[in-house]
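A look at the structure
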Amino acid sequence: MDTFVINGGNPLRGTLRINGSKNACLPLMAACLLTDEPVTLVDVPNLSDIRNMMRLLAALGVDLELVEHGEQNTVTLTVTDTAEHTAHYDIVKTMRAGICVLGPMLAKRGEARVSMPGGCAIGDRPVDLHLRGLEALGAEIELDAGDIITKAPITAGSQTRRLVGNTIFLGGPNGSTVLGTANVMCAAALAEGETVIECAACEPEIADLANMLNKMGAKIEGAGSPRLTIQGVEKLHGVTHQVIPDRIEAGTYAIAGAMLDSDITLTNYPTDFLMALHDRLDRTGVSMNIDSTNNDGSSEYDTVRIQRPEQLTPTQIVTQPHPGFPTDLQAQMMAMLCLANGNSLITEKIYQDRFLHVAELARMGAQLKRSGPSVMVAGIPEFIGAPVMASDLRASAGLVLAGLAAKGTTTINRVYHLDRGYEKMELALQKLGADIQRIDDRG
Ligand code: EPU
């Protein structure tokens with residue numbers, strides 16, 4: 001298992017390009033199961049979750065071709081064999097997003113067996129809303145040996161199986177569901193008749209999926225809003241699609257720029273996806289210079305320069321579904337607010353136990369007091385380097401930021417969590433001048 005060793009305190013200077021979005025790519029890749037023609041995705045990040053999705057799709061009869069293309073990898077996915085209907089536990093357990101194949105496979109192949117994803121470090125992650133949505137489209141659903149077994153109804157007068165459109169409410173106790181919306185939207189794209197999804201997830205990754213499906217011939221309206229209307233079609237065709245930039249990678253590096261001695265410029269930066277973060281950074285006194293005009297022509301996104309204020313002002317954060325403050329930036333923001341001049345309050349409303357970083361940040365001198373879903377953050381003058389343990393992807397990113405700011409050396413164990421969501425993070429940070437090394441602790 002690899003470890004990061006960080007000697008904190010180096011100033012960060014320079015430019016980074018934001019990669020394509022992991023959380024957009026995973027359902028986009030799964031959507032290749034909806035067509036017999038090739039689906040080509042441009043700007044696919046090189047991450048372990050993406051490689052696991054490739055393994056899963058290969059096992060489901062998808063031929064994959066990866067072309068490394070400067071800063072942007074391209075993956076072409078073509079279904080060549082539709083006999084397999086089972087997504088096995090050995091792959092799904094490595095990556096919860098394996099559930100993304102359920103809706104597309106059920107819609108196209110008429111049946112799907114997908115291992116029920118387990119919980120993970122950030123808490124229980126049920127899939128009841130995914131199943132309720134598919135059931136509303138007529139799917140029969142049963143559980144057997146830890147697997148979800150689904151079948152579309154047999155169409156009257158034929159032996160084929162096809163889902164049937166319906167009106168579905170996808171809200172749960174914590175708002176909508178991102179991957180649940182992806183699954184039901186993909187399934188409805190090939191269903192007979194009209195589907196309306198109320199309380200659909202509004203995340204940019206869902207809008208990106210809807211945009212790609214529409215380019216494939218789907219009829220989806222309302223992408224990015226809580227009401228999706230989908231007219232089912234009989235067939236979808238192939239497509240080439242540019243993946244949106246990763247708003248969480250962008251936000252993580254923006255927070256690095258806001259809390260460290262730095263002068264960082266980020267390109268391919270999705271400003272519109274990060275309004276809630278910018279609102280909070282503004283409250284803390286961080287200045288962001290956003291340039292939408294000087295793009296090199298290859299991107300419709302922005303170039304952003306971030307500068308830390310003399311002193312960070314404390315603030316309140318409440319995580320919410322998009323366009324609210326993203327839970328996936330909560331740990332990084334907590335690291336930053338530790339260095340503010342006073343008390344901040346962070347409330348987690350999506351995953352109420354997503355606080356594994358609290359005890360690790362405390363090892364670095366943070367003054368944190370948790371009460372249920374909230375953490376009171378009392379500002380400290382500086383972090384003190386320490387050995388800490390990465391526990392989940394975003395908690396690990398928070399620890400890296402704290403390590404970069406800390407006095408002394410921080411070692412972060414189990415950085416495989418980071419490799420799930422940040423492409424070569426240590427190389428990106430080295431490029432900016434950070435003293436960060438990856439050590440293989442097996443020697
Ligand atoms: N929920 C239910 N029932 C369901 C599904 C979800 O009650 O059937 C609840 C969850 O427990 C949670 C809330 O609804 O409280 C939202 O969960 P959601 O289904 O939206 O999460 P997800 O789709 O499984 C995606 C991202 C996560 C991100 C969440 C929330 C991917 C691959 N994953 O997960 O990303 O935190 O949306 O924005 O897109 C990460 O990248 O680090 C990560 C965890």
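Our subject is the structure that appears above.
To keep things clear, this report deals only with the structure shown in the data block. (Residues numbered from 1 in each chain as written. Predicted model: local features only at pLDDT ≥ 70, side-chain atom pairs only at ≥ 80, totals over all residues. Heavy atoms only, no water.)

All right, on to the sheet that holds strand β18 (residues 316-318) then. With mixed pairing, 4 strands are arranged side by side in an open sheet as β18-β19-β21-β20. Lying at the two open borders of the sheet, with one neighbouring strand each, are β18 and β20 (367-371). Within the sheet, the average angular offset between the axes of one strand and its neighbour, ignoring direction, is 15°. Across 5 bridges, β20 lies against strand β21 (residues 374-378) in antiparallel orientation. Each bridged residue has a counterpart across the sheet, and for R370 the counterpart in β21 is V375. (Pairing = 2+ DSSP bridges. Helix = DSSP H or I, 4+ residues; strand = E, 2+ residues; numbered from the N terminus. Axes fitted to C-alpha atoms, helices over the stretch in contact; angles between N-to-C directions.)

What follows deals with the environment of P104. By the element assignment, P104 lies in helix α4 (residues 102-109). For P104, a relative accessible area of 1% corresponds to the buried category. For the pair P104 and A359, spaced 255 residues apart in sequence, the C-alpha to C-alpha distance is 40 Å. (Buried < 20%, exposed > 50% of the residue type's maximum accessible area, 1.4 Å probe, protein only.)

M53, V101, M185 and L213 are the most contacted members of the largest nonpolar core, which has 79 residues in total. Here this core gets 8 residues from one element, more than from any other, and that element is helix α6 (residues 178-189). Here M185 is in contact with I197, I206, L209, A210, L213, I220, L228 and I230, once residues within four sequence places are set aside. (Core = buried A, V, L, I, M, F, W, Y, C linked by side-chain atoms within 4.5 Å. Contact = heavy atoms within 4.5 Å.)

Attention now moves to helix α12 (residues 393-405). With 13 residues, α12 should reach 18 Å at 1.5 Å per residue; the first-to-last C-alpha distance of 19 Å fits that figure. For α12, the tally of buried residues reaches 12 of 13 residues, placing the bulk of the element in the interior. Of the positions making up α12, those classed as buried are L393, R394, A395, S396, A397, G398, L399, V400, L401, A402, G403 and L404. (Expected span 1.5 Å × (residues − 1).)

Applying the stated criterion across every chain yields a total of 0 disulfides. C186 provides the cysteine sulfur closest to C100, a residue in no disulfide bond, and the two sulfurs are 8.1 Å apart. Taking relative accessible area as the criterion, C100 reaches 4% and is therefore assigned buried. (Disulfide = S-S within 2.5 Å.)

In a regular helix each residue adds 1.5 Å, so 12 residues correspond to 16 Å; helix α7 (residues 204-215) covers 17 Å between its end C-alpha atoms and thus fits that length. Across the 12 residues of α7, 9 count as buried, placing the element largely inside the fold. On its buried side, α7 packs onto α1 (22-30), β3 (39-42), α6, β12 (219-221), β14 (239-242) and α8 (247-259).

In the neighbourhood of the ligand, 26 residues make up the surrounding shell, with D128, N174, T177, D328 and I350 lying closest. Here an oxygen atom of the ligand and a backbone polar atom of V178 are 2.7 Å apart. Burial of the ligand by the protein amounts to 92% of the accessible area it has alone, namely 820 Å². Within the residue set of the shell around the ligand, elements represented by two or more residues are α1, α5 (128-136), α6 and α12. (Near = heavy atom within 4 Å. Polar contact = N/O pair within 3.5 Å; in protein donor to acceptor, adjacent residues only side chain to side chain. Areas by Shrake-Rupley, 256 points an atom, 1.4 Å probe, with all protein chains shown as cover.)

With that settled, the discussion passes to the packing of α8 against α12. At a closest axis distance of 10 Å, the pairing of α8 and α12 adopts a crossing angle of 25°. For the element pair α8 / α12, the angle class is roughly parallel. When the axes of α8 and α12 are compared, the crossing they make is right-handed. Residues I248, T252, I255, A256 and M259 of α8 pack against R394, A397, L401, A402 and A405 of α12. Residue composition of the contact of α8 with α12, by class: 8 nonpolar, 1 polar and 1 charged. (Parallel < 35°, antiparallel > 145°, perpendicular 65-115°, else oblique. Left-handed = near helix turned anticlockwise from the far one by under 90°. Nonpolar A, V, L, I, M, F, W, Y, C, P; charged D, E, K, R; others polar.)

Here the residue pair H322 and P323 is connected by a cis peptide bond, since its omega of 10° sits within 30 degrees of zero. Position of P323 among the secondary structure elements: in the loop between β18 and α10 (330-337). The backbone of K424 sits at a positive phi, close to 40°, despite the residue not being glycine. Along the chain, the position of K424 falls in the loop between α13 (416-419) and α14 (425-431). Given a relative accessible area of 42%, K424 falls into the partly exposed group.

Here we have 4 strands laid out as an open sheet, ordered β6-β7-β9-β8, and mixed in their pairing. Two strands bound the open sheet, and with one partner strand each, they are β6 (86-87) and β8 (140-144). Relative to strand β7 (residues 111-115), β6 runs parallel, the two sharing 2 bridges. Within the sheet, the bridge partner assigned to T86 lies in β7 and is R113.

With that settled, consider the side chain of T181. Along the polypeptide, T181 turns up in helix α6. Classification of T181 as buried rests on a relative accessible area of 0%. With near-sequence residues (within four places) excluded, T181 lies in contact with L170, S176, A200, A201, I206 and L228.

To continue, consider the environment of L418. The residue L418 is located in helix α13 in this model. Between the C-alpha atom of L418 and that of A397, which follows or precedes it by 21 residues, the distance is 6.9 Å. When residues no more than four places from it in sequence are discounted, the contact partners of L418 are F4, L393, S396, A397, V400 and M425.

The subject of this paragraph is the packing of α4 against α6. Two measures define how a pair of helices packs: the angle their axes make with one another and the distance between the axes. It is at 7 Å that the axes of α4 and α6 come closest, and there the two elements cross at 15°. Comparing the axis directions of α4 and α6 gives the class roughly parallel. The chirality of how α4 crosses α6 is right-handed. In this structure, α4 uses L102, G103, P104 and A107 to contact α6, whose residues at the interface are N183, C186 and A187.

Per the stated rule, a full pass over the model turns up 20 salt bridges. D353 is paired through a salt bridge with R370; the nearest N and O atoms lie 3.0 Å apart. You can see D353 sitting in the loop between β19 (343-347) and α11 (356-363) and its partner R370 sitting in strand β20, a full 17 residues away along the chain. Its relative accessible area of 38% is what places R370 among the partly exposed residues. A network of salt bridges, in which partner residues are shared, links D2, D419, E426 and R438. (Salt bridge = Lys/Arg side-chain N within 4 Å of Asp/Glu carboxyl O.)

Geometry only, nothing functional implied.
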